[in-house]
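# Coordinate inspection notes
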Amino acid sequence: MKEHRLRPPLDDETVARLRAGDRVLISGTVYTARDAAHLRMVDALKRGEPLPFGLQGQVIYYVGPTPTPPGKVIGSAGPTTSRRMDPLTPILLEHGLKATIGKGARSEPVKEAMRKFKAVYLAAVGGAGALLAQRVLAAEVVAYEDLGPEAVRRLTVEDFPALVINDIYGGDLYEAGKAQYRNAL
Amino acid sequence: MVPRVTTRAISARDITDAVERLCREANIALPDDAMGAFEQARAREVSPMGQAALDQLLENFRIARQEQIAVCQDTGMAVVFLEVGQQVQVVDGDLTEAINEGVRRGYVGGYLRYSVVGDPLKRKNTGDNTPAVIHTSIVPGNQLKITVLPKGFGAEMWTRLAMLTPAQGVAALKDFVVESVDRAGPDACPPVTVGVGIGGTAEYAVYLAKKALIRPVGRPHPDPDIAALEAELLERINRLGIGPEGMGGVVTALAVHVETYPTHIVGIPVAVNLNCAAPRHKEVVL
């Protein structure tokens, strides 16, 4: 298991170095988007309209934080279940998105799109919203403010921890981990 | 002669205050039973990635308490269990509204997320996480017990119900429970607590599965036969290999809690309701 420090935007070379099971620490910019924001972004792409941010090389974090308490940068901010975004993910990868962060398994079409468009899927620890919030230095709503917790935010993160679940070679940490420990009791 | 019945008045305002406090505390401070279960899980886990995930979860619980912020951003739909003593009389207001006002104040004032839409099809957020889902049972006595279970939907989405036949029997029931956890895999944020409801009718089995989750994590059922079933299911589930956060390991579930009820000669209703790696619940007796 290797550890990588990532600073988005990510290029193909960086993504190619990542293998399922590797640990990453992300510093810099990631964008938040979940169900409702995905629907709007995909709609915009289909109509040829501009997106809230350029996708090339970027990272999307699937999160809907709690409201920000006074004196804090963001509320609790752990990953949500990724599979809900599966039908809307390949088109974003096609347009240059290089990594998504969430929790839980991805669909076959998403895995195939990751191989084809050279992108990775990362998992943060689901349920660790208070811990992950501490790795967020700044948060700013950049689009779809009416969506509340589902608005698109630009997050500045430091040493945000995640694991590579799916790499561009077909590696899958969830499958490998489960196979290794099946009947291990 | 009509026996004299003494009623006890409980103010709706006190109920609101209690629910407000329970919503905040449940979401911010994991109960001691759950913390203990996580520490035991950490000691049992052999997979390095599973250990690392459990370390992050334990650290997260400490940070949430210290910083007074929610353990998880999905602060759930508030499920409220009421045990109302039959001698209790609620005064100064409407019981349901008192509870919802408590949820409103707890979620808005506690900076918890509003995750509830007012209509399941039109899907407009109610803006204060109301209404709660309220389960009421009338019991002897003059007290009111309130339990708040904030239920995140990462795990709730994997709820399953099967109406098995006597011929399919216990073997099919066990397979169904294990398969339900297997299907949820990493998505339900393991290590999960597995609520299993057996018996009753279809909706009652699901209710029992949910109710099983408010038991302190890992406390066995008082009936030794049911406790043995819980232990066997837990071992089978932990042989799946899913592990903490799905990274691979021997702790896929912290505990299996089974609740049962008499049922019809024709069927064995069985429901599975999962709690995620944040087994939150808090109760108070008024």
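The structure we're discussing is the one just above.
This section reports on the structure supplied with the text. (Residues numbered from 1 in each chain as written. Chains lettered and ligands numbered in written order. Predicted model: local features only at pLDDT ≥ 70, side-chain atom pairs only at ≥ 80, totals over all residues. Heavy atoms only, no water.)

## Examining the packing of helix H6 (residues 169–184) of chain B against helix H8 (residues 224–238) of chain B
Residues and elements named next belong to chain B. Stated precisely, the cut-off is as follows: Lines are fitted to the C-alpha atoms to define the axes, a helix being fitted only along its stretch in contact, and any angle between axes, read from their N-to-C directions, falls within 0 to 180 degrees. Comment: elements are numbered from the N terminus, with helices defined as DSSP H or I runs of at least four residues and strands as E runs of at least two. Under this scheme an angle from 65 to 115 degrees is roughly perpendicular, one under 35 degrees roughly parallel, and one over 145 degrees roughly antiparallel; angles in between are oblique. Each crossing gets its handedness from the near helix: less than a right angle anticlockwise from the far helix is left-handed, clockwise is right-handed. Here, two residues are considered to be in contact whenever any of their heavy atoms come within 4.5 Å of each other. Ten residue types, Ala, Val, Leu, Ile, Met, Phe, Trp, Tyr, Cys and Pro, are classed as nonpolar, four, Asp, Glu, Lys and Arg, as charged, and the remainder, Gly among them, as polar.
Two elements in contact, H6 and H8, have axes separated by 10 Å at closest approach and are oriented at 40 degrees. Here H6 lies oblique to H8, going by the angle between them. Considering only the axes of H6 and H8, their crossing is right-handed. Between H6 and H8, the residues in contact are Lys 174, Asp 175, Val 177, Val 178 and Val 181 and Leu 229, Glu 232, Leu 233, Arg 236 and Ile 237, respectively. For the contact of H6 with H8, a count of residues per class yields six nonpolar, no polar and four charged.

## Here we look at the sheet that holds strand E2 (residues 77–85) of chain B
All names here are of chain B. Under the convention used in this document: One bridge is not enough; two strands pair if DSSP finds at least two bridges between them.
Here four strands make up an open sheet; going across it, the order is E4-E2-E5-E10 and the pairing mixed. Each of the sheet's edge strands pairs with one partner strand only, and the pair in question is strand E4 (133–139) and strand E10 (282–285). Across the sheet, the axes of successive neighbouring strands diverge by a mean angle of 15 degrees, strand direction being ignored. Judged from the eight bridges that link them, E2 and strand E5 (residues 144–151) form a sheet pairing that is antiparallel. Along E5, the bridge assignment pairs Ala 78 with Pro 150. Along the sheet face, helix H7 (residues 202–211) touches E2, E4 and E5 and points at about 95 degrees away from the line of E2.

## Thoughts on the interface of chain A and chain B
Defined as follows: When two parts are brought into contact, each loses some accessible area as probed by a 1.4 Å sphere; the total of that loss over both is the buried area. Salt bridge, as used here, is a side-chain nitrogen of Lys or Arg placed within 4 Å of a carboxyl oxygen of Asp or Glu. Whenever two N or O atoms come within 3.5 Å, that pair is a polar contact, provided that in protein one can donate a hydrogen and the other can accept it, and provided that, for residues adjacent in sequence, both atoms are side-chain atoms.
On the chain B side, the residues contacting the 47 residues of chain A number 40 residues. Across the interface of chain A and chain B, roughly 3,500 Å² is buried in total on both sides, 62% from carbon and sulfur atoms. On the chain A side of the contact with chain B, Val125(A), Tyr181(A) and Leu185(A) bury the most area, a combined 19% of that side's loss. Scanning the region where chain A abuts chain B turns up three salt bridges. Arg83(A) is the salt-bridge partner of Asp187(B), the closest N and O atoms lying 2.6 Å from each other. On inspection of chain A and its partner chain B, the count reaches 18 residue pairs in polar contact (both at pLDDT 80 or more). Considering each element in turn, the side of chain A that touches chain B owes the most residues, five residues, to helix H6 (residues 173–181) of chain A. For the side of chain A that touches chain B, a count of residues per class yields 24 nonpolar, 16 polar and seven charged.

## Focus on the packing of aromatic side chains
The description of an aromatic ring pair rests on the distance of the ring centres and on the angle between the ring planes. Operational definition: Think of it this way: a Phe, Tyr or Trp ring, Trp meaning its six-membered ring, pairs with another when their centres are within 6.5 Å, and the plane angle makes it stacked under 30 degrees, edge-to-face over 60, tilted otherwise. Each residue's exposure class comes from its accessible area (1.4 Å probe, protein chains only) as a fraction of the maximum for that residue type: buried when under 20%, exposed when over 50%, partly exposed otherwise. To sit over a ring, a charge needs its Lys NZ or Arg CZ within 6 Å of the ring centre and within 35 degrees of the ring normal.
This structure, assessed with the given rule, holds six aromatic pairs over all chains. With a centroid separation of 3.8 Å and 5 degrees between ring planes, the pair formed by Tyr31(A) and Phe53(A) is classed as stacked. With Tyr31(A) in strand E2 (residues 23–32) and Phe53(A) in the loop between helix H2 (35–47) and strand E3 (59–61), the pair connects residues that are 22 residues apart, well separated along the chain. Since its relative accessible area comes to 8%, Tyr31(A) is described here as buried. Take Phe53(A): its relative accessible area is 5%, and that puts it in the buried class. Taken together, Phe81(B), Tyr204(B), Tyr207(B) and Tyr261(B) form an aromatic cluster joined through their ring pairs. Here Arg19(A) stacks its cationic end above the ring of Tyr169(A), 4.0 Å away from the centre of that ring. A cation over an aromatic ring shows up here: Arg40(A) above the ring of Tyr144(A), its NZ or CZ 5.1 Å from the ring centre.

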